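If you want the building blocks of each chain, they are given just below.
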Amino acid sequence: MAQKTLAGKNLEVTDEGYLQDFNQWNEDIAREIAREEGIELGDEHFQVLNFLREKYQEGANLTIRKVGKSGITDIKGFYKLFPGGPLKKASKIAGIPKPTSCV
Amino acid sequence: MKKIVILGAGTGGTIMANKLRKVLSRDQWEITIVDKDKTHYYQPGFLFIPFGIYNKNDVIKPKSDFLPPGVQVIYNGIDKIEPNNTQVLLEGGQVLQYDYLIVATGTDISPEETPGLKDGSLWRKEIFDFYTLDGAVALREFFRDWEGGRLVVNIAELPFKCPVAPLEFSFLADAYFTEAGIREKVDITFVTPLSGAFTKPKASRMLGDLLEEKNIRVVPDFYLESVDNEKKVIRSYDEQEIPFDVLTIVPVNTGSSLVERSDMGDDLNFIPTDKYTLQSKNHENIFVLGDASDIPTSKAGSVVHFASEVVYENLLSAIENRPLKAQFDGHSNCYIETGYGNGSIIDFNYDTEPLPGTFPLPGVGPFGLLQNTKMNHYGKVLFRWIYWHILLKGKEMPIESQMTMAGKKS
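Residues numbered from 1 in each chain as written. Chains lettered and ligands numbered in written order. Predicted model: local features only at pLDDT ≥ 70, side-chain atom pairs only at ≥ 80, totals over all residues. Heavy atoms only, no water.

Novice: Whenever I open this one, the domain arrangement of chain B confuses me. Can you help?
Specialist: By convention, interface size is frequently given as the accessible area that disappears when the constituent parts associate. Residue and element names in this part refer to chain B. What the domain assignment reports for chain B is domain 1 (2-106 + 256-319), domain 2 (118-252) and domain 3 (332-391). Contacts between domain 1 and domain 3 engage 23 residues on the former and 12 residues on the latter. Both sides of the domain 1 and domain 3 interface together cover about 1600 Å² of buried area, and 65% of this is carbon and sulfur. Ranking the residues of domain 1 by area buried against domain 3 places Y42, F48 and Y54 at the top, with a combined share of 28%. Counting across the domain 1 and domain 3 interface gives one salt bridge. Residue R384 pairs with D58 through a salt bridge whose shortest N-O separation is 3.7 Å. In this structure, the connection of domain 1 to domain 3 is made through six residue pairs in polar contact (both at pLDDT 80 or more). Counting only elements with at least two residues in the side of domain 1 that touches domain 3, the list comes to α1 (11-23), β3 (39-41), β4 (60-62) and α6 (301-319). In terms of residues, the side of domain 1 that touches domain 3 owes the most to one element, α6, which gives four residues. Class assignment of the residues belonging to the side of domain 1 that touches domain 3 gives a composition of 14 nonpolar, six polar and three charged. (Domains from an automatic or database assignment. Contact = heavy atoms within 4.5 Å. Buried area = accessible area lost by both parts, 1.4 Å probe. Salt bridge = Lys/Arg side-chain N within 4 Å of Asp/Glu carboxyl O. Polar contact = N/O pair within 3.5 Å; in protein donor to acceptor, adjacent residues only side chain to side chain. Helix = DSSP H or I, 4+ residues; strand = E, 2+ residues; numbered from the N terminus. Nonpolar A, V, L, I, M, F, W, Y, C, P; charged D, E, K, R; others polar.)

Novice: For this particular structure, what's the right way to read the side chain of N349(B)?
Specialist: Residue and element names in this part refer to chain B. Here N349 shows up in the loop between β22 (342-348) and β23 (357-361). Of the residues examined, N349 reaches a relative accessible area of 9% and is grouped as buried. A polar contact is formed between the side chain of N349 and the backbone nitrogen of D351, at a distance of 2.9 Å. (Buried < 20%, exposed > 50% of the residue type's maximum accessible area, 1.4 Å probe, protein only.)

Novice: Quick question: what am I supposed to make of the pattern of salt bridges here?
Specialist: Between side chains of opposite charge, a pair can form as their charged atoms come close. Under the defined criterion, the tally for this structure stands at 29 salt bridges over all chains. We note a salt bridge from R65(A) to E157(B), for which the minimum N-O separation is 2.7 Å. Separated into two different chains, R65(A) in helix α3 (residues 64-68) and E157(B) in the loop between β12 (149-155) and α3 (165-179) make up a pair that spans both. By the burial criterion, R65(A) is buried, and E157(B) matches it. Notably, a salt bridge pairs D347(B) with K408(B), separated by 2.7 Å at the nearest N-O pair. Here K408(B) lies in the segment after α7 (374-391) and D347(B) lies in strand β22, a separation of 61 residues in the sequence. Among the residues examined, K408(B) registers a relative accessible area of 11% and is labelled buried. One network of salt bridges, with partners in common, ties together D228(B), K231(B), R235(B) and E241(B).

Listed below in structure tokens is the structure:
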């Protein structure tokens, strides 16, 4: 566990920087985490982030494929929005836990 | 007469038919099991076929050998489930009413989900799967005459059946080509959407070290978009390309198309299921056993076997209107072939990652968890006999369905 100050708030985060409590999230926090990842957030980013938060609350298994079928963007677009590991990065910025790939 | 219908006569369905027929009175309960295929496949054996260790006849037997008397068996395709009418429609029009339904229709490969895979010119010529008997046999024929080159082992999507199989495949390939005297001409690359060799940290490290030791290159975080048959490369969504001379692939896995027709699944046709009670989240009188469900554990025969205890107990409770007390813990147990007559074994559940130790007897074994031993390999070899003679028939096994920490070192 670690403490981190984001957007003026003192927050509990995991060792990898994922928020412990997803209720503490707000858009300013998202922008700040995104900047650390080298991403400037725009409308489309936020649509994806909100989609992930919504699905996370429903208890769904989150996958890159699911985002690709969301109607917001396709998988290629998702990679362009969050280059590198899109689901890991987007989850971190959305304030939800690191996706566990279940195999 | 009350009715239980079981869809799918694979590992899960067959175990349930055997267990339930033993306890439910034939005067009160009719049990029906439906499957389109008359052959039971020993799927863990497919892995050995490309290397000539098993052949086709080692992995097939008639389903009828394993289904008990007193169970109505229908070999027919299933059109769809109508959960609100508590009935199943079969292809050809037959309708089966049920009081309780067990869905055990498994998962299958869907190579058509990836452009250039099945619809390209190289499918089953230089691109193979080993999750179907035909694929494994075709790969056997290919390997016999192959003189070396770039062998790429790729996993297209998560989750997929038997998560250690592609690793085992890579280990066995290393041993096979070494014994054939051409290992220095074979470049083996393991390409995965995961961040390492496996998901769970301790197992990932142990298996990652083994890959390195065997000179198998790992490319992590690779999410397959398409296969280019002309350039002979696989391409990821972030436009990495990996060239191959022969591609062995685990295609996208999806649940049965009947789940989609029934409008009961998620985006990969897996059925939303309570991960503890194994009851369908949307329909009280439906239980989902094994790979057909969306529970967050491995899609593997051992999981089906452990989960069948829970479905059995909870179904009997449901019949008597008692609360569903049995809780599945996600228990999974996998032998891992590592080549040269050695093997490893991992044992884990929803909450505990694979740990080193001994299994099943604490301190004794005979199997070494997360260790690479001859004995573990014998376990895997013996398991085929256990599978046909004990497991499918729903008989007692000397392994608890709940995972135990005894014998594990955290």
